[in-house]
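# Structural description and commentary
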Amino acid sequence: MNATPVTETPAEIKNPEPQRGGGALSFLRAQLQQSLAFATLVVLLIFFSFASNNFFTWSNISGILLSTAVIGILALGTTFVIITGGIDLSIGTGMTLAAVMTGIFLVNLQLPLVVGVLGGIATGALMGFVNGVNIAILKLPPFIATLAMMLIAQGLALVISGVRPIYFSGVTGFKNIALGTLIPGLPNAVLILFVLAIVAYLMLSKTILGRYTFAIGSNEEASRLSGVNTRKWKIMIYTVAGVFTGIAGVVIAARLDSAQPQLGVGYELQAIAAVIIGGTSLLGGRGSIMGTLIGALIMSVLINGLRIMSIQTEWQNVVVGIVILVAVFTDSLRQRRSAS
Amino acid sequence: MPTQLLAVHGISKSFPGVQALKDVQFELNRGEVLALVGENGAGKSSLMKILSGIYTKDAGSISLEGAEVDIDSPKTAQTLGISIIHQEMNLMPHLTIAQNIYIGREPRGGVFLRERALNRKATELLQRLGIALDPREVVGNLTVAKQQMVEIAKALSFDAKVLIMDEPTSALTESETETLFRLIEGLKQRGTGVIYISHRMEELRRIADRVTVLRDGQYIGSLEKHELDITRVIDMMVGRHLEEGARPSSDRHRGDVVLRVQGLSTRHLLDDVSFELRRGEILGFAGLMGAGRTEVARAIIGADPIDSGTVEINGKQVRISQPSDAVRHGVGYLSEDRKLLGLLLEQDVNSNILLASLRDYTDALGFVHTPKGKQKSREYVKSLRIKTPSIAATTKNLSGGNQQKVVIAKWLARDCDILIFDEPTRGIDVGAKEEIYRLLNDLVAQGKSIIMISSELPEVLRLSHRIVVMANGRITGVLENEDASQAKIMDHATRMGVEKEYSSR
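Residues numbered from 1 in each chain as written. Chains lettered and ligands numbered in written order. Predicted model: local features only at pLDDT ≥ 70, side-chain atom pairs only at ≥ 80, totals over all residues. Heavy atoms only, no water.

### Quick word on helix α1 (residues 44-51) of chain B
All names here are of chain B. Counted residue by residue, α1 has 6 buried out of 8 residues, so it is predominantly covered. Listed in full, the buried residues belonging to α1 are Lys44, Ser46, Leu47, Met48, Ile50 and Leu51. Once α1 ends, the next one or two residues include glycine 53, with phi positive near 80°. (Buried < 20%, exposed > 50% of the residue type's maximum accessible area, 1.4 Å probe, protein only. Helix = DSSP H or I, 4+ residues; strand = E, 2+ residues; numbered from the N terminus.)

Structure, rendered in structure tokens:
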């Protein structure tokens, strides 16, 4: 029995083997959005330096970094979720609930500092876990599931706190979590942001969770058919986002030295904006921690710079809105080009 | 002599790697039903898509009522009076019948819709066609058959001269089919020309005035109603050209049963499917589109829920409720739709090859040992001869054959013993096909067991040791390779549960 080709001749078969642009080109293309964001950041820094003498001072830069910390931490967590093609709207009020719970643990229950802080973080993780279960098992759309969680967290934060701020004045060392300076001149909150950024980077690029995050975002069904337990991993990913939310809650409480139950709404949108400006696709499958960090910095540099130039708060919002439009537009432009 | 409505000559169309149509011709007269038949992939759909303006032809001419026309968009086709009813419905389930029929053309008074005028128009249309439906009924509440009537009414509301129906009866019961046929007869009397695509041989005699056969994208021939003979049609469809290709012998050493499926049924299609797969065997699954072959695969791997049935692997009954369970038991599924279900197109080759086996390269903390994984990927790229600039290349940019090899590499890296290939060579050019065939043979020689679902009969005959034939969600025959022929397979594949008049061959 020989293996000669069958006599079937679907006449004139072409043999094109399309081998377009190699790895280097697509790599460059993938970096474009990120470097675009980076270039924007540099341009903003230069612009504001010339526009105001007070901008490029250490105290102002450190202030910018401090104000980036909370949004940045939230954005890191939500980067994972957005890469899966999902969304998490509950991170803003979730952060508030975590802060309130930290206050309950430390102030009302007088628990040790470490326990209280871990309790706050666990609050965030629990919310993320519930989000994950609702999305992966009950198959609720992420938008709806996390919108509901956003309202639940907001309500719980108000109820539990009795609509009153919880002050940490009696808790020694708590304030230092955000405002102490392990590295002289650099607030700990900023240090936490950078450390978490490194952790998030390693998780996203070096661990199986990170690989599956991209895989699910690229093609959830193909991943599932390849034996990836997509339900389990989605729950994990939302829980990870919840952990970041919890940490952000502790950091903002430490920075304000109080848990403010009214705070939080709007933070989720700023964090999502940072992620998107940083080049992570809302459609999933693409994104980076570095981009998110740059995105978060662009947001706070912009707000800080406009403030220093004495531009009204209302106009600041307008400018940030326009920046988001431009960022997403360039992104979609690039995608359309690579699709055709 | 009947008046000619549509004449198509010398139509060719090619896609990257495949010549879908070559020099195809047919004619359609006023008030005539032309049945267009051919195996899966014979080019029927491509041809219809050209007529309805979805594809543009590479060469050839189309004349409508004697004048050559250029159909460059679905809109043009509609204006010319060519309407198509696709296999999958294009209706909006939440709107009413009337709203669906006149979508985009609603009668209006200023900015307001004139709902009553709309319903009146729809009532007139439905009455003219003899369809007894209330135009105010919401489409989502209708049966599939009635939805089809709405589709037909919609097509004819454009004053269609030519109506193309792609497998209109695939979802209909017998009595619904009869109603449809009566409707078609009504259309004939009004002078409409109908192009009727069907796999169901028994329908042809009932409805067709003429049958045109396509095979491998080429025009094979036409039969008039009086010379219509199902056996002859099947022979024209499959051709005689492949009977003597190299085929595996079925008396070779047979291994143990590695997979036993018993009484598999699902709510929608599968009905008591039972079969065995032996070690070192390629078990072919043949059947027409929609026969339920892919559904069997998806049910086995837990991608879709099943109503009843058991799966045994290596003699032990296993519970598979999701694909990750199947993978754990060493069953890998290579989807028919590589792009949608098989690959992470935007990711690189390396990520795709390692997708199913990533755990093997992961330490206790969850860190992926990248160099080890990449090493493995490179090995597979080399051994399967995947043509890619590097393992970092985006998978999207590879050719179909090489993408398929990436999917195969994914399962080999996972070391699965049972592989289910669903249309392994779809959209792959001939050279690459040969390589895939060789690969499948190598795999079974190494002791793997393969289920191969294929709509290309030559492929089924060339590779399979045994062939399971399905029709309408049931297994209608299991053939040893040496007993099988294309005609025999087609015969089993068209047993739709209706008494057959051509079974004695």
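After presenting the structure, the write-up continues.
### Observations concerning the sheet that holds strand β17 (residues 316-318) of chain B
Residues and elements named next belong to chain B. Read across the open sheet, the 4 strands follow the order β14-β13-β16-β17; overall the sheet is antiparallel. Edge positions in the sheet fall to β14 (273-278) and β17, since each of these pairs with one other strand and no more. Going across the sheet, the axis of each strand differs from the next one's by a mean of 20°, ignoring polarity. As paired elements, strand β16 (residues 308-313) and β17 share 3 bridges and run antiparallel to each other. Across the sheet, residue glutamate 312 finds its bridge partner in β17, namely glutamine 317. Strand contacts of helix α9 (residues 293-300): β13 (257-265) and β14, with the helix running at about 110° to β13, the strand carrying the most contacts. (Pairing = 2+ DSSP bridges. Axes fitted to C-alpha atoms, helices over the stretch in contact; angles between N-to-C directions. Contact = heavy atoms within 4.5 Å.)

### Re the pairing of strand β20 (residues 449-453) of chain B
All names here are of chain B. With 5 of 5 residues buried, β20 is to be regarded as a mostly interior element. By the alternation rule, side chains of β20 split into Ser449, Ile451 and Ile453 and Ile450 and Met452, which are all buried. Alignment of strand β15 (residues 282-287) against β20, held across 4 bridges, turns out to be parallel. Paired with isoleucine 282 across the two strands is isoleucine 450, which belongs to β20.

### Overview of empty space enclosed by the protein
Residue and element names in this part refer to chain B. What the rule picks out here adds up to 5 cavities of 30 Å³ or more. The space that makes up the largest cavity amounts to roughly 70 Å³. Around the largest cavity, the lining comprises 10 residues; the ones closest to its centre are Gly287, Leu288, Ser455, Leu457 and Met490. Counting residues per element, the lining of the largest cavity draws most heavily on helix α17 (residues 486-493), at 3 residues. Taken together, the residues of the lining of the largest cavity break down into 6 nonpolar, 3 polar and 1 charged. (1 Å grid on protein atoms, 1.4 Å probe; cavity = no way out; pocket = protein on both sides within 12 Å on 5 of 7 lines; lining within 4 Å. Points joined across faces, edges and corners; volume = space filled by probe spheres on them. Nonpolar A, V, L, I, M, F, W, Y, C, P; charged D, E, K, R; others polar.)

### What about unusual backbone geometry?
Located in the positive-phi region is valine 163 of chain A, a residue other than glycine, with phi close to 55°. Structurally, valine 163 of chain A is set in the loop between α5 (142-161) and β1 (166-167). Phi is positive for glutamate 65 of chain B, which is not a glycine, with a value near 50°.

### Comments concerning the side chain of asparagine 119 of chain B
For asparagine 119 of chain B, the location among the structural elements is in helix α4 (residues 115-129). Those residues within four positions of asparagine 119 of chain B in sequence are excluded, and the remaining contacts are Ala98, Pro135 and Arg136 of chain B.

### Digging into the domain arrangement of chain B
Assigned domains of chain B: these are domain 1 (1-81 + 160-240), domain 2 (89-159), domain 3 (252-330 + 417-437 + 444-505) and domain 4 (338-415). In this structure, domain 2 of chain B and domain 4 of chain B have C-alpha centres spaced 50 Å apart. (Domains from an automatic or database assignment.)

### Considerations on helix α5 (residues 144-157) of chain B
Residue pairs three or four apart in sequence face the same way in an α-helix, which turns once every 3.6 residues. Residue and element names in this part refer to chain B. With 14 residues, α5 extends 20 Å from end C-alpha to end C-alpha; this agrees with the ideal 20 Å at 1.5 Å per step. With respect to burial, α5 is a largely interior element, 12 of its 14 residues being buried. Along α5, the residues classified as buried are Ala145, Gln147, Gln148, Met149, Val150, Glu151, Ile152, Ala153, Lys154, Ala155, Leu156 and Ser157. Contact partners of the buried residues in α5: β6 (82-85), α3 (97-101), α4, β9 (162-166) and α6 (174-189). (Expected span 1.5 Å × (residues − 1).)

### Focus on the pattern of salt bridges
A complete count under the given rule lists 26 salt bridges over all chains for this structure. The closest approach of N and O atoms between aspartate 304 of chain B and arginine 298 of chain B, which form a salt bridge, is 2.9 Å. Accessibility expressed as a relative area gives 29% for aspartate 304 of chain B, which makes it partly exposed. Across the pair lysine 396 of chain B and glutamate 346 of chain B runs a salt bridge, and its minimum N-O distance is 3.5 Å. One end of the pair, lysine 396 of chain B, is in the loop between α13 (370-383) and α14 (400-414); the other, glutamate 346 of chain B, is in the loop between α11 (338-342) and α12 (349-354), with 50 residues separating them in the sequence. A single network of salt bridges, built from pairs that share partners, joins Glu221 and Arg224 of chain A together with Arg298 and Asp304 of chain B. (Salt bridge = Lys/Arg side-chain N within 4 Å of Asp/Glu carboxyl O.)

### A look at the sheet that holds strand β18 (residues 331-334) of chain B
All names here are of chain B. Strand order in the open sheet formed by 6 strands is β18-β19-β20-β15-β21-β22, with mixed pairing between adjacent strands. In this open sheet, the two edge strands, each paired with only one partner strand, are β18 and β22 (474-480). With direction set aside, neighbouring strand axes in the sheet form an average angle of 20°. Packing against the sheet, α9 makes contact with β15, β18, β19 (418-422), β20 and β21 (466-471), and its axis sits at approximately 135° to β15. Set on the sheet, α17 makes contact with β15, β21 and β22; between it and β21 the angle comes to about 35°.

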